[in-house]
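Results of the structural survey
In case you want the letters, here they are:
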Amino acid sequence: MKIFIDTANLKDIQEAENLGILDGVTTNPSLMAKEGVTDVNTHYQAICNICKGKPVSAEVFSTQWEEMVEEGKALYALNPDQIVVKIPITEEGLKALVKLNELNIPTNCTLVFSVGQALLAAKAGAKFVSPFVGRLDDISQHGMELIHDIKQVFANYGFQTEILAASIRHTNHLLSCAQAGSDVVTAPLKSIKGLLNHPLTDIGLEKFIADSKKIG
Ligand code: G3P
């Protein structure tokens, strides 16, 4: 399973990159606003420089398909080796996905909350489809079931579109996505680093260090 970091915070991206297991980055307009970004293009270039060669999702702000395509082309041109254009799954977004696919520009279809939306995104040739797990849980639906259901439908027809589980709120979400066979999970740094933690590791290491001092 690939692990992406879901943030626009350069320090967190650098820290995740330093761990050596990072496979990519996703951002969205809310994450950019949270960091006080004023020049998105410069910020995307900074992100690409931190994790060279890895996919970086950059979301369009437009809502009409022709404008989404133009914006997507401009974002992609920032770094064709890394930028993946993020498009919301609306009727206009679907048309933009088809057009960008014809132009061989990779896309990440976002704001996916149903299997039907994921199916259309796959048919449109999206490279990634992003189901939002946490936001479904927020409204008392089962976010993780969506990952299982999309996985089954994509397997039925051999779609190449990768499932990129998003809106991950905690480490257990990340683990459940791995169990469901999600191709990618994008998560905040804290949820990724949470995979490392176990109290028995801490206790065991403390004893090994204490005992190592008794040797020799
Ligand atoms: O990648 C989408 C994700 O950032 C949304 O997360 O926590 O705002 O639902 P959240």
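This one's a predicted model, so the numbers in the text were calculated from it and none came from an experiment.

**Some words on the packing of aromatic side chains**
The final tally for this structure, using the stated rule, is four aromatic pairs. Between Phe113 and Phe132, the ring centres sit 5.5 Å apart and the planes meet at 65°, which makes this aromatic pair edge-to-face. A residue pair is termed long-range when its members are at least 10 positions apart, and Phe113 in the loop between β5 (107-112) and α6 (115-123) and Phe132 in the loop between β6 (128-131) and α7 (133-138) qualify at 19 residues. Owing to a relative accessible area of 7%, Phe132 belongs among the buried residues under this scheme. With a centroid separation of 6.2 Å and 50° between ring planes, the pair formed by Tyr157 and Phe159 is classed as tilted. What makes Tyr157 exposed here is its relative accessible area of 61%. Cluster of aromatic residues (ring-pair linked, three or more members): Phe154, Tyr157 and Phe159.

**Some points on the pattern of salt bridges**
Summed over the entire model, instances satisfying the criterion amount to 11 salt bridges. For Glu17, the salt bridge identified is with Lys54, shortest N-O distance 2.9 Å. In this pair, Glu17 is assigned in helix α1 (residues 10-19) and Lys54 in the loop between α3 (40-50) and β3 (56-59), connecting sequence segments 37 residues apart. The same class applies to Glu17 as to Lys54, namely buried. As a salt-bridge pair, Lys214 and Asp211 come within 2.9 Å of each other at their nearest N and O atoms. What makes Lys214 exposed here is its relative accessible area of 65%. Connected through salt bridges with shared partners, the residues Lys2, Lys127 and Glu162 form a single ionic network.

Quick notes on the rules
Residues numbered from 1 in each chain as written. Predicted model: local features only at pLDDT ≥ 70, side-chain atom pairs only at ≥ 80, totals over all residues. Heavy atoms only, no water. Phe/Tyr/Trp six-rings, centres within 6.5 Å; stacked < 30°, edge-to-face > 60°. Helix = DSSP H or I, 4+ residues; strand = E, 2+ residues; numbered from the N terminus. Buried < 20%, exposed > 50% of the residue type's maximum accessible area, 1.4 Å probe, protein only. Salt bridge = Lys/Arg side-chain N within 4 Å of Asp/Glu carboxyl O.

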